[in-house]
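Here is how the chains run, residue by residue.
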2 protein chains.
Amino acid sequence: MPTRALASLYIRVDGRAILLDCGEGTQIGIMRLGWGFRCIDSLLLTHFHADHCSGVPGFLLALAKAGREEPFHIYGPYGLQRVIDGLRVIAPQLPYSIILHELPSTESSFSSIGLDIRSFPLQHGIPCLGYSFHLNRMPEFDPSKAKKLNIPVDLWKVLQHGTPVTVNGSIIQPSEVQKGPRKGISFVYASDTRPVDTIISNGLNSDLMILEGMYGEDNKLPLAVKNHHMLYRESALLAKEAQTSRLILTHFSTSMETPEESLPNASEVFSPTECATDGMIVSLAFPQS
Amino acid sequence: MPTRALASLYIRVDGRAILLDCGEGTQIGIMRLGWGFRCIDSLLLTHFHADHCSGVPGFLLALAKAGREEPFHIYGPYGLQRVIDGLRVIAPQLPYSIILHELPSTESSFSSIGLDIRSFPLQHGIPCLGYSFHLNRMPEFDPSKAKKLNIPVDLWKVLQHGTPVTVNGSIIQPSEVQKGPRKGISFVYASDTRPVDTIISNGLNSDLMILEGMYGEDNKLPLAVKNHHMLYRESALLAKEAQTSRLILTHFSTSMETPEESLPNASEVFSPTECATDGMIVSLAFPQS
């Protein structure tokens with residue numbers, strides 16, 4: 001729409017990035033954001049409806065223009081090779097290689113930019129995947145344990161960075177001088193789909209869930225069922241079940257001019273719900289503890 | 001660019017339309033224009049670089065959403081079938097049929113929405129076509145000739161609309177009651193290319209030429225030659241040679257933030273030159289005579 005971009009997510013961790021979905025015009029959103037193209041190592045596609053991947057050829061050419069020469073990874077459901085081959089008819093020559101990862105229709109795991117990523121099946125009439133992202137946090141260093149093991153203070157930093165050290169001929173593992181495990185950061189992206197349990201199980205106790213808000217009004221349920229999409233209320237119920245900290249709705253029907261108008265239908269089920277807006281930036285930090 | 005759309009031309013005649021080139025985001029420009037999708041009968045593609053056709057899948061789906069059921073025509077140079085087949089991997093099912101017209105690398109003619117259209121070869125390193133458009137004007141009706149032939153006044157309107165009539169057993173052709181031929185409207189679109197004579201011959205005495213203005217500054221000539229594009233000055237020289245009425249430059253390099261800055265390099269060669277802007281509307285009318 002002239003007033004609203006297609007849904008997409010740019011994930012940045014320590015200067016490296018992942019793009020999730022790339023419809024027509026997503027590259028303009030990236031330019032506006034100003035976070036760059038060259039640092040994007042992977043593209044994750046949820047499914048192959050045009051509003052989620054029509055911007056791929058232009059995006060691949062923008063990566064080339066930005067000077068990328070390192071291999072680029074594209075993840076997506078069944079059919080990935082056929083779709084990328086088709087779209088690349090207008091982007092045949094690129095100065096970097098593309099590594100395709102066709103993901104199974106069951107749950108699967110992989111890593112990119114330091115994130116543990118899990119893909120899981122959604123229910124949209126064609127193969128469609130949700131993704132959950134996990135940034136693990138190293139347990140806190142415990143000086144009292146280090147002292148007890150007589151580790152010289154100048155080796156503490158090495159252990160704090162996760163590297164074993166040798167003291168008096170014995171190898172000391174970082175885990176020997178750490179406090180208990182600490183919660184990392186996790187978030188989920190799931191669109192387009194009917195409500196399914198995989199969204200709850202993958203979003204359990206997460207910091208953020210980004211779910212589709214295709215239809216704001218409850219009376220659109222028959223349309224939602226027919227088109228394999230979700231109501232605001234259905235997404236909010238999933239977020240509540242998953243006990244996530246926060247829900248952001250996105251992927252609004254073009255029939256809704258102001259998605260915020262229907263927000264009460266979600267927030268009366270799950271209070272910390274917002275509607276995404278073009279260029280919205282959300283920062284997730286490790287909890288202070 | 002966030003501040004400038006890809007070059008495209010929406011041609012409207014008596015409520016029917018043609019789209020020329022369709023890069024990423026062109027459908028947003030059409031929405032902003034408000035002239036509709038369903039009335040577009042043909043898409044003309046100049047060539048298959050992504051900035052001229054990456055918006056095709058989204059555009060075809062927008063036509064479907066607008067309710068089109070009539071066959072839709074796509075014209076383009078050698079490779080059309082392969083490119084449209086590739087791009088349609090994400091728009092496989094449409095409620096209308098698509099008729100592809102792969103045009104030869106020599107000059108050729110066809111018609112759409114009442115326009116006589118001629119395609120002609122450009123020089124861009126890959127097959128690339130320019131297009132000239134001609135709206136013919138019927139000669140003026142000559143009442144004195146009609147009187148001389150004793151045609152009843154109530155049949156004049158029929159002849160004025162170009163239909164023969166029968167008077168006293170003889171068929172009278174419209175041409176028998178017309179004054180001399182009248183100039184119609186003609187205009188040309190040519191991008192991306194080095195300067196070639198076909199642009200001049202197809203633009204001869206035209207009302208408007210729309211030519212690329214890839215590089216504004218004369219010192220970019222080596223780059224223009226290398227990338228098969230034109231300087232402002234080169235386009236202006238073609239317009240001057242063709243003795244057209246008016247030149248509009250478009251398809252500006254992303255390296256130029258304000259294309260108007262270099263306009264003097266064109267207008268000192270051919271004074272009636274302008275730079276295209278997003279959403280620019282130009283009306284061409286038959287001359288009053």
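Residue numbers here run from 1 along each chain, matching the order of that chain's written sequence. Following the order in which they are written, the chains are lettered starting with A and the ligands numbered starting with 1. Totals for whole chains, interfaces and linings use every residue, but because this is a predicted model, local features are given only for residues with pLDDT of at least 70 and side-chain atom pairs only at 80 or more, for both listing and counting. Each side-chain value is worked out from all heavy atoms of the structure, with water and hydrogens disregarded.

Notes on the packing of aromatic side chains
Residue and element names in this part refer to chain B. Applied cut-off: Planes of paired rings set the category: under 30 degrees apart is stacked, over 60 is edge-to-face and the rest tilted, where pairs are Phe, Tyr or Trp rings (Trp by its six-membered ring) whose centres lie within 6.5 Å. Put simply, DSSP H or I for four residues or longer makes a helix, DSSP E for two residues or longer makes a strand, and each gets a number counted from the N terminus. A 1.4 Å probe rolled over the protein chains alone gives each residue an accessible area, and that area as a share of the maximum for its type sets the label: buried under 20%, exposed over 50%, partly exposed in between.
Taken as a whole, this structure holds 17 aromatic pairs over all chains when the rule is applied. When the centroid spacing of 4.8 Å and the interplanar angle of 15° are considered together, the rings of F133 and F187 count as stacked. Separated by 54 residues along the polypeptide, F133 in strand β8 (residues 129–137) and F187 in strand β11 (residues 182–190) bring together distant segments of the chain. Residue F133 shares its accessibility class with F187, and that shared class is buried.

Concerning the sheet that holds strand β13 (residues 247–250) of chain B
All names here are of chain B. The condition is simple: Here, strands pair whenever DSSP counts at least two bridges between them. To obtain each axis, a line is fitted to C-alpha atoms, and for helices this fit is confined to the stretch in contact; angles are then taken between N-to-C directions over 0 to 180 degrees.
Read from one edge of the open sheet, 7 strands run β6-β7-β8-β11-β12-β13-β14, paired in mixed fashion. The outermost strands of the open sheet, each flanked by one partner alone, are β6 (108–112) and β14 (273–275). Put simply, the sheet's adjacent strands are angled 20° from each other on average, direction ignored. Strand direction decides the pairing type here: β13 and β14, joined by 3 bridges, are parallel. Following the sheet pairing, L247 is matched in β14 by T273.

Some details on a negative patch on the surface
All names here are of chain A. The cut-off we apply is this: Each patch is assembled from residues with relative accessible area greater than 30% and no salt bridge, linking like charges that lie within 9 Å and nonpolar side chains (Val, Leu, Ile, Met, Phe, Trp, Tyr) that lie within 5 Å. Accessible surface area values rest on a Shrake-Rupley calculation with a 1.4 Å probe, where residue burial reflects the displayed protein chains alone. The working definition used for a salt bridge is a side-chain nitrogen of Lys or Arg within 4 Å of a carboxyl oxygen of Asp or Glu. Positive charges come from Lys and Arg alone, negative charges from Asp and Glu alone, with His and the N- and C-terminal ends not counted. Think of each charge as sitting on NZ of Lys, CZ of Arg, CG of Asp or CD of Glu.
On the surface, E217, E257, E260 and E261 cluster together to form a negatively charged patch. In this structure, E261 sits in the loop between β13 (247–250) and α10 (264–267). With relative accessibility at 64%, the residue E261 sits in the exposed group.

Describing the interface of chain A and chain B
One frequently used descriptor of interface size is the decrease in accessible area upon assembly of the parts. The following threshold applies: Only heavy atoms matter for contacts: two residues are in contact if any of them lie within 4.5 Å across the pair. Accessible area that two parts lose when put together, with a 1.4 Å probe and added across both, is what the buried area reports. Here a polar contact means two N or O atoms within 3.5 Å. Within protein one must be a hydrogen donor candidate and the other an acceptor candidate, and residues neighboring in sequence count only if both atoms are side-chain atoms. Under the scheme applied, nonpolar residues are Ala, Val, Leu, Ile, Met, Phe, Trp, Tyr, Cys and Pro; charged residues are Asp, Glu, Lys and Arg; polar residues are all the others, including Gly.
The interface is formed by 25 residues belonging to chain A together with 25 residues belonging to chain B. Between chain A and chain B, roughly 1900 Å² of surface is buried when both sides are summed, and carbon and sulfur atoms account for 64% of that area. Taken together, the links from chain A to chain B amount to 0 salt bridges. Counting across the chain A and chain B interface gives 8 residue pairs in polar contact (both at pLDDT 80 or more). For the side of chain A that touches chain B, the secondary-structure elements that each account for two or more residues are α1 (26–33), α2 (50–53), α3 (56–65) and α4 (80–87) of chain A. Sorting elements by how many residues they give to the side of chain A that touches chain B places α1 of chain A first, with 5 residues. Along the lines of polarity and charge, the residues of the side of chain A that touches chain B split into 12 nonpolar, 9 polar and 4 charged.

Regarding the sheet that holds strand β1 (residues 9–13) of chain A
All names here are of chain A. With respect to topology, 5 strands assemble into an open sheet ordered β1-β2-β3-β4-β5, the strand pairing being mixed. If you trace the sheet from one side to the other, it starts and ends with β1 and β5 (98–102), each paired once. Strand-to-strand, the axes of this sheet are offset by a mean angle of 20°, without reference to chain direction. Alignment of strand β3 (residues 40–44) against strand β4 (residues 72–76), held across 3 bridges, turns out to be parallel. For S42, the partnering residue across the bridge sits in β4 and is H73. Most of the contacts of α4 go to β5, to which it runs at about 145°, and overall it touches β4 and β5.

Comments concerning the pairing of strand β7 (residues 115–121) of chain B
All names here are of chain B. Note: β6 against β7, 5 bridges, orientation antiparallel. Pairing of F110 across the sheet is with I117, part of β7. Connecting β6 to the next strand, β7, in antiparallel fashion are 2 residues, including I113 with a positive phi near 45°. One ladder, built from 6 bridges, connects β7 with β8; its direction is antiparallel. Within the sheet, the bridge partner assigned to D116 lies in β8 and is H134.

Digging into the side chain of S253 of chain B
Looking at the secondary structure, you find S253 of chain B in the loop between β13 and α10 (264–267). In this structure S253 of chain B touches R4, G213, M214 and Y215 of chain B, once residues within four positions along its chain are discounted.

Quick word on the relation of the copies chain A and chain B
Where we set the bar: The atoms used to superpose the copies are C-alpha atoms, taken from residues with pLDDT of at least 70 in both, and the fit is least squares.
For the match of chain A to chain B, the screw axis carries a shift of 0.0 Å, the RMSD comes to 0.0 Å, and the turn is 180°. Expressed as an axis order, the relation between the two copies is that of a two-fold axis. When C-alpha distances to the rotation axis are compared across chain A, the minimum falls at G86 of chain A, with a value of 1.9 Å. Most of the interface of chain A is mirrored in chain B: 100% of its interface residues are interface residues there too.

Notes on the environment of F72 of chain B
Residue and element names in this part refer to chain B. Tracing the backbone shows F72 in strand β4 (residues 72–76). With 26 residues separating them in the primary sequence, F72 and I98 have C-alpha atoms 4.9 Å apart. Once residues lying within four places of it in the same chain are set aside, the contact partners of F72 are I40, D41, S42, L43, F59, L60, L63, Y96, S97, I98 and I99.

Comments concerning helix α9 (residues 232–242) of chain B
Residue and element names in this part refer to chain B. Those residues of α9 lying buried are Y232, E234, S235, A236, L238, A239 and A242. Considering only its buried residues, α9 is in contact with α7 (197–203), β12 (208–212), α8 (221–227), β13, α10 and β14. Q243 sits one or two residues past α9 and shows a positive phi near 55°.

Quick look at the pattern of salt bridges
Taken as a whole, this structure holds 22 salt bridges over all chains when the rule is applied. R16 of chain B is the salt-bridge partner of D41 of chain B, the closest N and O atoms lying 2.7 Å from each other. Remark: R16 of chain B occurs in strand β2 (residues 16–20) and D41 of chain B occurs in strand β3 (residues 40–44); sequence separation between them is 25 residues. Exposure remark for D41 of chain B: the relative accessible area of 16% places this residue in the buried category. Where salt bridges share partners, they join R16, R38, D41, R68 and E70 of chain A into one cluster.

Quick word on α4 of chain A
Rules: Each direction from the helix axis to a C-beta atom contributes to the arc, which is the arc of those directions.
Turning to α4 of chain A, its buried residues number three or more, namely L80, V83, I84, G86 and L87 of chain A. Looking straight down α4 of chain A, one finds its buried side chains confined to an arc of 160°; they lie on one side. On its buried side, α4 of chain A packs onto α2, α3, β4 and β5 of chain A together with α4 (80–87) of chain B.

Here we look at the nonpolar core
Rule in force here: What is meant by a nonpolar core is a set of buried Ala, Val, Leu, Ile, Met, Phe, Trp, Tyr and Cys residues, joined one to another through side-chain atoms within 4.5 Å.
In terms of nonpolar packing, the biggest core is built from 59 residues, with F59 and L60 of chain A together with F59 and L60 of chain B touching the most fellow members. Sort the elements by how many residues they give to this core and helix α3 (residues 56–65) of chain B lands first, with 6 residues. Apart from residues no more than four positions distant in its own chain, L60 of chain A is found in contact with F72, I74, R88, L94, Y96 and I98 of chain A.

A few points about unusual backbone geometry
All names here are of chain A. For the bond running from S191 to D192, omega is 0°, close enough to zero to count as cis. In this structure, D192 sits in the loop between β11 (182–190) and α7 (197–203). In this model, N205 sits at a positive phi of 55°, which is unusual for a non-glycine residue. With respect to the helices and strands, N205 occurs in the loop between α7 and β12 (208–212). Look at N205 and you get partly exposed, because its relative accessible area is 45%.

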